[in-house]
Amino acid sequence: MNILVTGGAGYIGSHVVEELKKSGFTPIVYDNLSTGHAAAVPEDVQLVEGDIHDVAFARHIMEQFSIDAVMHFAASSLVGESMENPAKYYFNNVEGTLHLLEAMRGAGVDRLVFSSTAAVYGEPEQVPICEDSKLSPTNVYGRSKLMIENMLADYDMAYEMKYVALRYFNAAGASLSGNIGEDHNPESHLIPLVLKTAQGVRRQVAVFGTDYPTADGTCVRDYIHVCDLAKAHVLALQHLLKGGASRVYNLGSENGFSVRQIIDSAKKVTGVDFTVVEEARRAGDPAVLIASSAKIREELGWQPEHSSVEEVIATAWKWHKQHPHGYEG
């Protein structure tokens, strides 16, 4: 079966492409390469350079390759930037997804796996967070993703377009092969920032906020290995291809680690004592985000296998050592 992967040259998308291939699917990557990397797409996978805003071209590609379902990763995803430039996020994420859905409708494609986010919950009222927890995002990025989830529900109601929305907690790590990993510009995720500092590519890593109501005063997050994340996407796809109903699932390890704990683990894994500085809180950062992923475990049989913090950091470190300047070198 042919699966269109929007944003398939990006961090999570490229790992899902790898998992789709392993599972016997034929992925076709659709990416405008604004933040993705052509080098992250295997040579035997078709890469189409295109934009989700281009309804006619996206529809043409779906028809040309007889697409059976779409996996949608193309998005802007920097929390801080979303607060400073909300227009970019409502345009790229919300309007872009609307255009993609219209291309799908035109091409007769009615199954979608959507890359959502734990940011739809905002500051949680209880931990761990379940799928039916209150949805009250504290940043524009989260609000844009929640709008898309509502849009998908409406498209299912009106046009019977079935979807699975996967609410990620903190994706981290790199392919076990070491061939693909995390390379953003600018980089905003903690683990690659920490590892670039351990490498000497960066002079220091910043801790944003040390006065949160947590054990050590720093934010606590649920880290999920990107390979475990990729397997969940394939399970979601298989659920839809079997005629399954639309679903929303959390994806997390159900374990929380503070910023300080991640930094300490990275120092242990790398053997490098790098410089850490403390800075003020960033707008829109909740104190604690830990998932309950019981629903996807029970309904789809998903089990994270690589999401210990040590393995997450070790696989990411392997990638960064081999690619000190990302895909460029």
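Structural data are supplied above this passage.
Explain the sheet that holds strand β6 (residues 162-168) to me, please; I cannot follow it from the model alone.
One key point about sheets: their strands pair by backbone hydrogen bonds, in either a parallel or an antiparallel sense. Ordered in space as β3-β2-β1-β4-β5-β6-β11, the seven strands form an open sheet in which the pairing is parallel. Since the sheet does not close on itself, it has two edges, and those belong to β3 (46-49) and β11 (247-251), each with one partner. The mean inter-strand angle of the sheet, taken between neighbouring strand axes irrespective of direction, is 20°. The sheet contact formed by strand β1 (residues 2-6) and strand β2 (residues 26-31) spans five bridges and is parallel. Its bridge partner lying in β2, Thr6 is registered against Tyr30. Across the sheet, helix α4 (residues 86-107) touches β1, β4 (69-72) and β5 (111-117), and the angle it forms with β4 is around 170°.

Can you help me understand the sheet that holds strand β9 (residues 220-221) in this one?
Here three strands make up an open sheet; going across it, the order is β12-β9-β14 and the pairing mixed. Lying at the two open borders of the sheet, with one neighbouring strand each, are β12 (257-258) and β14 (288-289). Judged from the two bridges that link them, β9 and β14 form a sheet pairing that is parallel. When the bridges of β14 are listed, Arg221 appears paired with Leu289.

I keep staring at the pairing of β11 and nothing clicks. Help me out?
For β11, the buried fraction is high: four of the five residues fall into the buried class. Across five bridges, β6 lies against β11 in parallel orientation. What sits directly across from Tyr168, in β11, is Leu251.

Which parts of the structure should I look at to understand helix α6 (residues 190-199)?
An α-helix turns once per 3.6 residues; consequently, residues spaced three or four apart project the same way. Taking burial as the measure, the 10 residues of α6 include nine buried ones, the bulk of the element. Taken as a whole, α6 has its buried residues at Leu190, Ile191, Pro192, Leu193, Val194, Leu195, Lys196, Thr197 and Ala198. At its buried positions, α6 is contacted by β7 (170-172), β8 (205-208), β10 (223-225), α8 (259-270) and α10 (309-322). Trailing α6 by a residue or two, Gly200 shows a phi angle of about 90°, which is positive.

Just to check I follow, could you spell out unusual backbone geometry for this structure?
Backbone geometry follows two general trends: most residues other than glycine have a negative phi, and most peptide bonds adopt the trans configuration. Between Val127 and the following residue, Pro128, the backbone shows a cis peptide bond with an omega angle of 0°. Following the sequence through the fold, Pro128 ends up in the loop between β5 and α5 (140-159). Backbone geometry at Glu160 places phi at a positive 55°, although glycine is not the residue there. Relative to the helices and strands, Glu160 is located in the loop between α5 and β6. Non-glycine residue Glu254 carries a positive phi angle of around 70°. Within the fold, Glu254 resides in the loop between β11 and β12. Since its relative accessible area comes to 34%, Glu254 is described here as partly exposed.

Procedures and definitions
- Residues numbered from 1 in each chain as written.
- Predicted model: local features only at pLDDT ≥ 70, side-chain atom pairs only at ≥ 80, totals over all residues.
- Heavy atoms only, no water.
- Pairing = 2+ DSSP bridges.
- Helix = DSSP H or I, 4+ residues; strand = E, 2+ residues; numbered from the N terminus.
- Axes fitted to C-alpha atoms, helices over the stretch in contact; angles between N-to-C directions.
- Contact = heavy atoms within 4.5 Å.
- Buried < 20%, exposed > 50% of the residue type's maximum accessible area, 1.4 Å probe, protein only.

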